Amino acid sequence: MGHATLSKTAEIDRNLGRFLEILPRLVPAHSGKYVLMRHGEVVEFYGSAIDAQIAGNQKFDDGVFSIQQVKEVAEELGYFSYAVSPEKS
């Protein structure tokens with residue numbers, strides 16, 4: 001699977017799009033929680049990002065999932081690993 005990174009990025013994009021669609025329905029009941037998503041579907045809600053990350057790692061061997069915090073303004077946590085790139089000289 002040489003396109004694993006591409007697949008993960010596509011999965012994050014897909015999940016984010018779906019998350020933004022359903023966010024208004026999630027906020028009243030799940031505000032402040034972290035949602036674990038895979039294939040555009042909500043898997044479960046967690047009290048912290050680390051709990052969601054651990055659960056995702058345990059449930060999905062391929063590592064293809066994303067996590068978003070349920071709040072009025074969406075923040076995509078799935079991109080964190082791509083946002084930090086070490087400088088190479």
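Here the structure is shown first, and the text comes after it.
Structure report, in brief.

Quick notes on the rules
- Residues numbered from 1 in each chain as written.
- Predicted model: local features only at pLDDT ≥ 70, side-chain atom pairs only at ≥ 80, totals over all residues.
- Heavy atoms only, no water.
- Phe/Tyr/Trp six-rings, centres within 6.5 Å; stacked < 30°, edge-to-face > 60°.
- Buried < 20%, exposed > 50% of the residue type's maximum accessible area, 1.4 Å probe, protein only.
- Lys NZ or Arg CZ within 6 Å of the ring centre and 35° of its normal.
- Salt bridge = Lys/Arg side-chain N within 4 Å of Asp/Glu carboxyl O.
- Helix = DSSP H or I, 4+ residues; strand = E, 2+ residues; numbered from the N terminus.
- Core = buried A, V, L, I, M, F, W, Y, C linked by side-chain atoms within 4.5 Å.
- Polar contact = N/O pair within 3.5 Å; in protein donor to acceptor, adjacent residues only side chain to side chain.

## Overview of the packing of aromatic side chains
For step 1, the next point in the chain: Summed over the entire model, instances satisfying the criterion amount to one aromatic pair.
For step 2, the next point in the chain: Ring centres of Phe 60 and Phe 65 lie 6.1 Å apart, and the angle between their planes is 40°; this geometry places the pair in the tilted category.
For step 3, the next point in the chain: A relative accessible area of 15% means that Phe 60 is categorised as buried.
For step 4, the next point in the chain: A residue is classified by how much of its surface remains accessible, and Phe 65, at 4% relative accessible area, is buried.
For step 5, the next point in the chain: Lying across the ring of Phe 65, Lys 8 places its NZ or CZ 5.4 Å from the centre.

## Examining the pattern of salt bridges
For step 1, the next point in the chain: With the rule as written, the count across this model stands at three salt bridges.
For step 2, the next point in the chain: Linking Glu 21 and Arg 18 is a salt bridge whose minimum nitrogen-to-oxygen distance equals 3.0 Å. Taken together, the residues span about one helical turn, with Glu 21 and Arg 18 both in helix H1 (residues 4–30) at a distance of three residues.
For step 3, the next point in the chain: Looking at Glu 21, the relative accessible area reads 53%, which means it is exposed.
For step 4, the next point in the chain: Of the residues examined, Arg 18 reaches a relative accessible area of 29% and is grouped as partly exposed.
For step 5, the next point in the chain: Residues Asp 62 and Arg 38 are paired through a salt bridge, measuring 2.9 Å at the closest nitrogen-oxygen approach.

## Quick look at the nonpolar core
For step 1, the next point in the chain: One finds Leu 16, Phe 19, Ile 22, Leu 23, Leu 26, Val 27, Val 35, Met 37 and Val 70 forming the largest nonpolar core, which totals nine residues.
For step 2, the next point in the chain: Only H1 and strand S1 (34–38) provide two or more residues apiece to this core.
For step 3, the next point in the chain: Broken down by element, the residue count for this core peaks at six residues, all from H1.
For step 4, the next point in the chain: Counting residues in each nonpolar core, the second largest holds eight residues, with Tyr 34, Leu 36, Ala 55 and Phe 65 among its members.

## Observations concerning the side chain of Ser 66
For step 1, the next point in the chain: Looking at the secondary structure, you find Ser 66 in strand S3 (residues 66–69).
For step 2, the next point in the chain: For Ser 66, a relative accessible area of 2% gives the class buried.
For step 3, the next point in the chain: There is a polar contact of 3.3 Å between the side chain of Ser 66 and the side chain of Gln 68.

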